[in-house]
Amino acid sequence: FRPAQLTTVGKRCCLWIQDLCMDLQNLERARDDLRFRGVKGTTGTQASFLQLFEGDHSKVEELDRLVTAKAGFKRAYMVTGQTYSRKVDIGVLSVLASLGASIHKICTDIRLLANLKEIEEPFEKDQIGSSAMPYKRNPMRSERCCSLARHLMTLVLDPLQTASVQWFERTLDDSANRRVCLAEAFLTADIILSTLQNISEGLVVYPKVIERRIQQELPFMATENIIMAMVKAGGNRQDCHERIRVLSQQAAAVVKQEGGDNDFIARVRADPYFSPIHKQLESLLDPSSFTGRAPQQVAKFLKEEVRPALIPYQSKMSGKIELAL
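In this text the structure is predicted, and so the values were computed from the model without any measurement.

Sorry, what's going on with helix 13 (residues 294-310) here?
Within an α-helix, residues lying three or four positions from one another point in the same direction, as the helix has 3.6 residues per turn. The largest bend in helix 13 amounts to roughly 40° and is located at Leu302. Of the positions making up helix 13, those classed as buried are Ala294, Val298, Phe301, Leu302 and Val306. The elements touched by buried residues of helix 13 are helix 1 (9-33).

Quick question: what am I supposed to make of the state of the cysteines here?
A disulfide bridge is the covalent bond that connects two cysteines by way of their sulfur atoms. Within this structure, the stated rule accounts for zero disulfides. Cysteine Cys107 is unpaired, with the sulfur of Cys145 as its nearest cysteine sulfur at 4.0 Å. Among the residues examined, Cys107 registers a relative accessible area of 0% and is labelled buried. Assessed through its relative accessible area of 1%, Cys145 is described here as buried.

For this particular structure, what's the right way to read the environment of Thr83?
Note that Thr83 resides in the loop between helix 3 (57-70) and helix 4 (87-115). The exposure class assigned to Thr83 is buried, which follows from its relative accessible area of 11%. Distance in space between the C-alpha atoms of Thr83 and Gly38 is 9.8 Å, their sequence separation being 45 residues. Filtering out sequence-adjacent residues up to four positions away, Thr83 remains in contact with Arg37, Glu169 and Arg170.

Could you clarify how one ought to interpret the UniProt feature "domain: Adenylosuccinate lyase C-terminal" (unreviewed entry) in the protein chain in this entry?
Mapped onto the present numbering, the UniProt feature "domain: Adenylosuccinate lyase C-terminal" (unreviewed entry) falls at residues 218-302. Overall, residues 218-302 shows 66% helix and 0% strand. The separation of its end C-alpha atoms is 29 Å.

Explain the side chain of Asp174 here, please?
You can see Asp174 is positioned in the loop between helix 6 (157-164) and helix 7 (175-201). Reaching out from Asp174, the side chain makes a polar contact with the side chain of Arg86 at a distance of 2.8 Å. In contact with Asp174, not counting residues within four places along its chain, are Arg86, Thr162 and Gln166.

Explain unusual backbone geometry here, please?
Glycine aside, negative phi is the norm for most residues, and most peptide bonds take the trans geometry. The backbone of Gln46 shows a phi angle near 65°, a positive value even though the residue is not glycine. Position of Gln46 relative to the elements: it lies in the loop between helix 1 and helix 2 (47-52). On the basis of relative accessible area, Gln46 is assigned to the buried category, the value being 17%. With a phi close to 55°, Glu54 is a non-glycine residue in the positive phi region. Mapped onto the fold, Glu54 is located in the loop between helix 2 and helix 3. Taking the relative accessible area as the measure of exposure, Glu54 reaches 76% and is therefore exposed.

How should I be thinking about the packing of helix 5 (residues 140-154) against helix 7 in this particular structure?
Two packed helices can be described by the angle between their axes and the distance between those axes. For the pair helix 5 and helix 7, interaxial distance at closest approach is 10 Å and the crossing angle is 160°. Viewed along their axes, helix 5 and helix 7 adopt a mutual orientation that is roughly antiparallel. In this structure, helix 5 meets helix 7 at a crossing whose hand is left-handed. Two secondary-structure elements touch here, helix 5 through Arg141, Ser142, Arg144, Cys145, Leu148, Ala149, His151 and Leu152 and helix 7 through Glu184, Ala185, Thr188, Ala189, Ile191, Ile192, Thr195, Leu196, Asn198 and Ile199.

The rules we used
Residues numbered from 1 in each chain as written. Predicted model: local features only at pLDDT ≥ 70, side-chain atom pairs only at ≥ 80, totals over all residues. Heavy atoms only, no water. Bend = angle between axes of the 7 residues up to and from the residue. Helix = DSSP H or I, 4+ residues; strand = E, 2+ residues; numbered from the N terminus. Buried < 20%, exposed > 50% of the residue type's maximum accessible area, 1.4 Å probe, protein only. Contact = heavy atoms within 4.5 Å. Disulfide = S-S within 2.5 Å. UniProt positions renumbered as here; feature names shortened; annotations may be inferred. Polar contact = N/O pair within 3.5 Å; in protein donor to acceptor, adjacent residues only side chain to side chain. Axes fitted to C-alpha atoms, helices over the stretch in contact; angles between N-to-C directions. Parallel < 35°, antiparallel > 145°, perpendicular 65-115°, else oblique. Left-handed = near helix turned anticlockwise from the far one by under 90°.

What follows is the structure in structure tokens.
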């Protein structure tokens, strides 16, 4: 949570979207990889069905295939115990737990940015931000997502333990646990996604606040550019580095000890040593020169990765995808 190089709001949002796209791919993969247990009998040997069909293995296999198709599955597990392997539950809940981690990270970023007053989640006209302090605008939706996401992430521990303590073909201490953790995981994932959608659709960005903060921090960020410009102008890098170190420490003292504005650039302008680049300072301090290829990365990412990933869902979204992109 320290100033570094500049990025853009769009680039930050694309980092969030990329995580969610990974979660979408993992969810689809987990869903498509699911198989039916099939008609396997009490302990998975199909002994009773083989007896029913008087030893005809082909009929047992055909029954397994027909019931699997009737249940809506393309494939069945070839071998099972009394149940399908409980590792299947691990796979499903791992994907949901990973989704929880993504949403927790997104909403943590929003909470930090809200503290800086750069970004806010939607805030209703009569909403109470704090029961104790009426001026506060707590990001309660993001806080709720983080809280529930932590619960979702811990639920994967249940199937991990259940799978690890299965005895032979199956033990009977798994069913009560599964009835709770599986349902809770899907319900929790559903509500945090709904809340995240509400946050996303009403997210507010304050460009003027961002601009003010950039102006406060940019002089220090520009020191590397200043050094490079001085070296190109014939200066000694080590000497330049030392002069900038001294001036930046003086400017930092004004900010930290006196509560004043960052006057580092004014000190550079007043120092004859930096006269060879005084005319370049405006261009060296242009914020857009510090964001690199962020705009190009965002445009390429939305066009080549996000749009194709969301095409299958477009008809269900009532045009919201196109609006967002």
